[in-house]
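Coordinates in review
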Amino acid sequence: MTVAQPIIVQEPAAAAAPPRGRGARARIAHEEFFDYQPTSTVDLPDPRPLVENLTRCVIEILAGARELEQVARWVTDDVYRTLLSRASISARARAARGARAIRPTFSVGTPRISEPRDGVVEAVVIVTSRARARAVAIRLEGLDRRWRASAISVL
């Protein structure tokens, strides 16, 4: 007669509670928990109004007619730093010419929007003024249940 051996099941280490304390592993787990959380496209509003308004705001920021802080909520930190740099370069160029900042007159075209993956939208908008036409490319990512611009290029 044979006796059945008991089966011992061990919990995997990954299923354990997150590390606590002040070590590097605990700090990384804490930062990942409080970092931006990706959001699916179905849980986000239509991106078209944001793309149009963000395009208008970026052109006005570069012209010196709008403060950069007005769009800080809708852009990531990297985009904010890039816009800050471009706005200061534009301000120095205006100062060197002796020109003052004026609100530009332009028209914003219809955005061309594509969705490369869930929670990400890429758009291109043509902005025309009397002197020139420019393209503004914007990449929006769904973070914390709202759209945020993770890349903006004015061509």
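This section reports on the structure supplied with the text. (Residues numbered from 1 in each chain as written. Predicted model: local features only at pLDDT ≥ 70, side-chain atom pairs only at ≥ 80, totals over all residues. Heavy atoms only, no water.)

1. Regarding the overall build of the chain
Our working rule: The way it works is that DSSP assigns letters per residue, a run of H or I at least four long becomes a helix, a run of E at least two long becomes a strand, and they are numbered from the N terminus. Relative accessible area decides the class of each residue, using a 1.4 Å probe on protein chains only: under 20% of the type maximum gives buried, over 50% gives exposed, and in between gives partly exposed. The contact definition used throughout considers only heavy atoms, calling two residues in contact when any of these lie within 4.5 Å. Throughout, the Shrake-Rupley method with a 1.4 Å probe supplies accessible areas, and for residues the shown protein chains are the sole cover considered.
Across its full length, the chain holds three helices and five strands. Along the chain direction, N to C, the helices and strands of the chain fall in the order α-α-α-β-β-β-β-β. In the chain, which comprises 155 residues, the share counted as buried stands at 27%. The long-range share in the chain, meaning contacts at least 24 apart out of those at least 6 apart in sequence, stands at 53%. Total accessible area on the chain stands at roughly 11100 Å², and carbon and sulfur atoms take up 54% of it.

2. Considering the nonpolar core
Rules: Residues belong to one nonpolar core when they are buried, are Ala, Val, Leu, Ile, Met, Phe, Trp, Tyr or Cys, and are joined through side-chain atoms within 4.5 Å.
By size, the foremost hydrophobic cluster in this structure holds 26 residues, and its most contacted members are Leu54, Val136, Ile138, Leu140, Ala149 and Ile152. Considering each element in turn, this core owes the most residues, eight residues, to helix H2 (residues 48-63). Other than its neighbours up to four places away in sequence, Val136 contacts Thr55, Ile59, Ala123, Val124, Val125, Val127, Ile152, Ser153 and Val154.

3. So, unusual backbone geometry
Comment: phi is negative for the bulk of residues other than glycine, and the bulk of peptide bonds are trans. In this structure, Asp144 takes a positive phi of about 55° despite not being glycine. Secondary-structure assignment places Asp144 in the loop between strand E4 (133-143) and strand E5 (146-154). With a relative accessible area of 39%, Asp144 lands in the partly exposed category. Phi at Arg145 is positive, roughly 65°, even though this residue is not glycine. Relative to the helices and strands, Arg145 is located in the loop between E4 and E5. Looking at Arg145, the relative accessible area reads 59%, which means it is exposed.

4. A closer look at the layout of surface pockets
Convention followed: Both site types are read off a 1 Å grid over the protein atoms alone. A 1.4 Å probe that fits but cannot get out defines a cavity, while an open set with protein on both sides within 12 Å along at least five of seven lines defines a pocket; lining residues have an atom within 4 Å of a point. Grid points are joined across faces, edges and corners, and a volume is the space filled by probe spheres set on the points. Residue polarity follows a fixed list, in which Ala, Val, Leu, Ile, Met, Phe, Trp, Tyr, Cys and Pro are nonpolar, Asp, Glu, Lys and Arg are charged, and the others, Gly among them, are polar.
Estimated volume of the largest pocket: approximately 540 Å³. Along the wall of the largest pocket there are 20 residues; nearest its centre are Ile59, Ala63, Ile102, Pro104 and Ser129. Residue composition of the lining of the largest pocket, by class: nine nonpolar, four polar and seven charged.

5. Some details on the environment of Arg130
Assignment of secondary structure puts Arg130 in the loop between strand E3 (120-128) and E4. Classification of Arg130 by relative accessible area gives exposed; the value is 84%. Sequence spacing of Arg130 and Ser107 is 23 residues, and the spatial spacing of their C-alpha atoms is 9.6 Å.

6. Side note on the packing of aromatic side chains
Stated precisely, the cut-off is as follows: Whether two aromatic rings pair depends on their centres lying within 6.5 Å, for rings of Phe, Tyr and Trp, where Trp uses its six-membered ring; planes under 30 degrees apart make the pair stacked, over 60 edge-to-face, and the rest tilted. We count a charge as sitting over a ring when the NZ of a lysine or the CZ of an arginine lies within 6 Å of the ring centre and within 35 degrees of the ring normal.
Considering all chains together, one arrives at zero aromatic pairs under this definition. In this structure, Arg146 is placed above the aromatic ring of Trp74, and the distance from its NZ or CZ to the ring centre is 5.7 Å.

7. Side note on H2
What counts, and what does not: What a helix should span is 1.5 Å times the count of its residues minus one.
Its 16 residues place the ends of H2 23 Å apart at the C-alpha level, agreeing with the 22 Å of an ideal helix rising 1.5 Å per residue. When we look at burial in H2, the residues that qualify are Leu50, Val51, Leu54, Thr55, Cys57, Val58, Ile59, Glu60, Ile61, Leu62 and Ala63. The inward-facing, buried residues of H2 contact helix H3 (77-97), strand E1 (107-108), E3, E4 and E5. Within two residues after H2, Gly64 carries a phi angle of roughly 85°, on the positive side.

8. Side note on the pattern of salt bridges
So the rule is basically this: Salt bridges are defined as contacts in which a side-chain nitrogen from Lys or Arg sits within 4 Å of a carboxyl oxygen from Asp or Glu.
Enumeration over the complete set of coordinates arrives at five salt bridges. Here Arg66 makes a salt bridge to Glu60, at a shortest N to O gap of 2.7 Å. Residue classification places Glu60 among the buried positions, given a relative accessible area of 6%. In this structure, Asp78 engages Arg81 in a salt bridge whose closest nitrogen and oxygen atoms are separated by 2.5 Å. Within this pair, Asp78 and its partner Arg81 are both found in helix H3, separated by three residues, close to a single helical turn.

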